[in-house]
Amino acid sequence: MSTPDKIQQCLAALFDEGSRIVFWQDPDREFEESLAEITLDNVALIRLDREPALAVKTRMELEEPAGRYLLYQPGPRPDPETDWFLDVRIYATSFLADRASMHLRELGLRQLSLRNHLAQRAAFLANKERLNGLKRFIQPDDNADDVDLAIMAVLIRADQPDFFNILIALLQDLDARNPDNIPTSWTEWTKYGVDQTFWRMVEARLGYREECPSLRNLLIRLLVADFARNLRGKIPESLRPLLLPEKGMANAVVCLSQWRDSASRSLRFESLSMAVAETIRLDECLDGLAIEDLADVKTFLGVELFLAQHLRDRVMETANAIHLEEIRTTITRRLDGYWATDRLQTTQYAPRYALHRVYNALLFAAELFDWRNRLGYEGLNHSNPQHFYQAYTRTLYRVDQLYRLFHEAADAAVGANLDILKPLQPIVEDCYGNWFIHSLAMHWGSLAEQLIQGRWQLDDIPSQQHFFKRLVQPLLDSERERRVFVIVSDAFRFEAAQELTDILNSTYRVTAELLSQLGVVPSHTALGMAALLPHKRMDYSDNGTLLVDGQSSAGLEQRNKILASVEGIAVKVDDFMAMKKEESRALIRSHRVVVLYHNRIDAVGDHQASEENAFIAVRETINELAALVSRIINNLNSTHLLITADHGFLFQMTPPGETDKNSLSAKPPGTLLAKKRYLLGRNLPMDPMAIRGSTNTTAGTQDGLDFWVPKGANRFHFVGGSRFVHGGPLLQEIVVPVIKVQQVKGKRLEATRTRSVGINLLGSTFKITTNRHRFILIQNEAVSDRIKPVSVRIALYEGETPISNVESVTFDSPSKDMNEWRKEVRLTLASRTFDKKNRYQLIARTVDTGIEELRMDVTIDLAFDNDF
């Protein structure tokens, strides 16, 4: 657009807005030649240098008082004493056509004093794209600093002309490998004259001032301030010269918190943080600091690694007198932090996945040690076998679960090249093996031997061989059209079933109940699978083949023949999951019993080459069974489903030594089958080194076999792997889970919906009188299967602008004790002026969805304005 066109557009806008007289002063006569090109509808253009002043005033005020006039006066403005139009200037609209004035009007700025400032920014404003970008940020009452902030925002492509936002965007352009390299954005700031404004703002807001300020030095001081402000202990002497003034420290905390909270910018924060950590020799700075000193620090990855290592050392050193809740509180706080959260992705500078697993493993280890310290050896000694069995199904299974979860987390951390847990692993192994397994083997083992040699039954505990008759047949008898699904997962032991039950109970339209049954002995696949089938009798042939009602039960084809008697079918889970919906519906249409065989744990654990991955197989099994249940419920509209196993297993990461090997050197006469944890045969002799029994007693066979099982947790031999075993009578092997799953319909359906736990802020009035304020929040009920944890971001806001650091916290307590529902959040206010008459807000939004969970008005009334 040409200059005359721009002038005409501006003048037309003034008259359209209601101006009757516009006074155009052209001090340098630079627009005199353009007058002829300006045409305004119903506006009289009068040149005051060519018309008598009295005649002009008479016309405007007496002859045509409703007319609209453009009064053009070239040259300098007359002195007030000789200015005939002094009174007109008072009520007329002033207009200047110099570039700065044009920009002033185009930007909508009200302060005429900004003309000179805009003239200094003429090079920036000369570009139409930059000018249009600036318009988005300018407000009518902006001052010179506001204009420069907006120019910085345009040049750096920031989304808001907020100082912190612009500062973060500028630091984003720094080269982490060489922070001395001048960013392109800084070169542009210098070119267009806003660099000095920036340094003035930095000094005013952050207190950073040097004779030759640099972005690198500013970055170092920002990170050191964030570190020092959140440090509870003494600030290392080497960092004191790098500290910002107290007011600047608060703003540094708020600024870096917002930087870390930005998903699009956090990666560069991580790389620059690592570079600064190397520069200040962070490792040396951390010497002498305790875990508690660093509890709130999130500035450097090195702090997180330091904390994880020292927390590991504390768990190791206090294993015999562990303070579980202190460990849990510390770990929960770190998992809510920046470097170890699983809500953000792992990056090349932030191994979050591994760190999250390290903390999980530490918590599992601490809980394992707590179990040992509370129970000791006597807590694992019950004289009544029924009470012993029930103690395992109610609580003691958790020890096996913790051991598995520890190794699952530790292996994941090692797989991500974070080897912090290595020194802890032998202590965990000793606790689990020499305390738990050894104690169970000794105390339960003696009871199991008595049961095997007498009556392998427990009052009120159903036996595995009665599974079909007790649980499946009644469902079939109650309704002719009813179909029952049975999932049999090989070696799916009780503690894993408990975890699956929790998952299913958090699934919409599903309820699950975990039961158990006393497994057969030997606890091996052939006998366990046969015991679960419908049958009137089980026998062994002369060569040791297990017969169910006279038929072999080995393999899918044989089991299908046995299931035919109850209109049943046997299918492998992998084959079933590969079917399309219509294929699976067609398959089951003519069958009332559908038995789905799953084999992941035993397939992995029962081979020497893969047995170390047994716990990985357990995790896969839990996930696969949950998906299988979902498919059956949703696609096949089943209302009754049972999940069980043939047996459990024993597994330790540490390979057994010779002391764990049974001293029997040869198979006894009559042996038909010899495995690591059992021998089967006919007329087996008695031996003091083994427990001898009969499957007639332990499995309900009528023409059964004799068996030997080793005492305790021993193995007969180590061939084919020795860490993963089953076949014996220990609780991990013979407590067989049964999960009763039902699809919920009708009025009960609503009760299966899941929701996040609610949160509240404790207190009735919220007045902030210091720059750091502690808020106490509390969840409003215990977390459960259906009531899910919630993770929120919490900050103080003015409108939608954060005025404090942003903190993350998770509410996940399943405790019935309300004191354990509380979480403390400390927020630091930005160093600025607050109006005690205004209402600010404390807002908590969910991390995943951004949904607002809490909003409370707060008053900020600082006794001494931002004086720390």
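A few points on the structure. (Residues numbered from 1 in each chain as written. Predicted model: local features only at pLDDT ≥ 70, side-chain atom pairs only at ≥ 80, totals over all residues. Heavy atoms only, no water.)

Topic: the overall build of the protein
Counting secondary structure elements, the protein contains 30 helices and 30 strands. In terms of overall dimensions, the protein has C-alpha extents of about 140 × 65 × 50 Å along its principal axes. Across the 868 residues in the protein, those meeting the buried criterion constitute 54%. Once local pairs closer than 6 in sequence are excluded, the contacts in the protein between residues at least 24 apart make up 71%. Looking at the protein as shown, the accessible area adds up to about 38700 Å², and 47% of this sits on carbon and sulfur atoms. Taking the 104 positively charged and 116 negatively charged side chains of the protein as two groups, their mean positions are separated by 5 Å. (Helix = DSSP H or I, 4+ residues; strand = E, 2+ residues; numbered from the N terminus. Buried < 20%, exposed > 50% of the residue type's maximum accessible area, 1.4 Å probe, protein only. Contact = heavy atoms within 4.5 Å. Areas by Shrake-Rupley, 256 points an atom, 1.4 Å probe, with all protein chains shown as cover. Lys, Arg positive; Asp, Glu negative; His and termini not counted. Charge placed at Lys NZ, Arg CZ, Asp CG, Glu CD.)

Some points on helix 13 (residues 246-260)
Taking 1.5 Å per residue, 15 residues should reach 21 Å; helix 13 reaches 21 Å between its end C-alpha atoms and fits that length. The buried fraction of helix 13 is high, at 13 of 15 residues. (Expected span 1.5 Å × (residues − 1).)

Focus on the sheet that holds strand 28 (residues 822-828)
Strand order in the open sheet made by the 3 strands is 21-23-28, with antiparallel pairing throughout. Both outer strands of the open sheet, strand 21 (759-761) and strand 28, are each paired with one neighbouring strand and no more. In this sheet, adjacent strand axes meet at a mean angle of 30 degrees when their direction is disregarded. (Pairing = 2+ DSSP bridges. Axes fitted to C-alpha atoms, helices over the stretch in contact; angles between N-to-C directions.)

Thoughts on the pattern of salt bridges
With the rule as written, the count across this model stands at 58 salt bridges. Where D83 meets R89, a salt bridge forms, and the shortest distance between an N and an O atom there is 2.7 Å. Here E367 ties to R398 by a salt bridge, and the two come within 3.1 Å at their closest N and O atoms. Here E367 is found in helix 18 (residues 352-375), whereas its partner R398 is found in helix 19 (residues 385-415), with 31 residues between them in sequence. E367 gets classed as buried once you look at its relative accessible area, which sits at 14%. (Salt bridge = Lys/Arg side-chain N within 4 Å of Asp/Glu carboxyl O.)

Brief notes about the sheet that holds strand 3 (residues 69-74)
Strand order in the open sheet formed by 4 strands is 2-3-1-4, and the pairing between neighbours is parallel. Strands with a single pairing partner mark the edges of an open sheet, and in this sheet they are strand 2 (44-47) and strand 4 (93-95). When strand polarity is set aside, the average angle formed by the axes of neighbouring strands in this sheet is 20 degrees. Here strand 1 (residues 21-26) pairs with strand 4 via 3 bridges, running parallel. Within the sheet, the bridge partner assigned to F23 lies in strand 4 and is S94. The sheet strands contacting helix 2 (residues 53-63) are strand 1, strand 2 and strand 3, and the helix crosses strand 3 at an angle near 160 degrees.

What about the side chain of T621?
With respect to the helices and strands, the residue T621 is situated in helix 28 (residues 614-636). In this structure T621 comes out as buried when scored by relative accessible area, which is 0%.

Quick notes on the environment of L11
One can find L11 in helix 1 (residues 3-16). Judged by its relative accessible area of 0%, L11 is buried. On a C-alpha basis, the gap between L11 and E237 in space is 64 Å, while along the polypeptide they are 226 residues apart. Aside from chain neighbours lying at most four places away, what touches L11 is V22, W24, I38, L40, L70 and F95.

Some remarks on the environment of Q120
Structurally, Q120 is set in helix 5 (residues 115-120). When its relative accessible area of 56% is taken as the criterion, Q120 is described as exposed. Along the primary structure Q120 and S815 are separated by 695 residues, whereas in three dimensions their C-alpha atoms are 65 Å apart.

Observations concerning the packing of aromatic side chains
Evaluated as defined, the whole model comprises 26 aromatic pairs. Plain terms: the ring middles of W24 and Y72 are 5.0 Å apart, the flat faces sit at 80 degrees to each other, and that makes the pair edge-to-face. A residue pair is termed long-range when its members are at least 10 positions apart, and W24 in strand 1 and Y72 in strand 3 qualify at 48 residues. Taken as a pair, W24 and Y72 share a single burial class, namely buried. Among the aromatic residues, those joined into a cluster by ring pairs are F163, F164, W186, W189, F198, W199 and Y208. Positioned over the ring face of F576 is R631, at 5.6 Å from the centre of the ring. Between the NZ or CZ atom of K823 and the centre of the ring of F811, over which it lies, the distance is 5.7 Å. (Phe/Tyr/Trp six-rings, centres within 6.5 Å; stacked < 30°, edge-to-face > 60°. Lys NZ or Arg CZ within 6 Å of the ring centre and 35° of its normal.)

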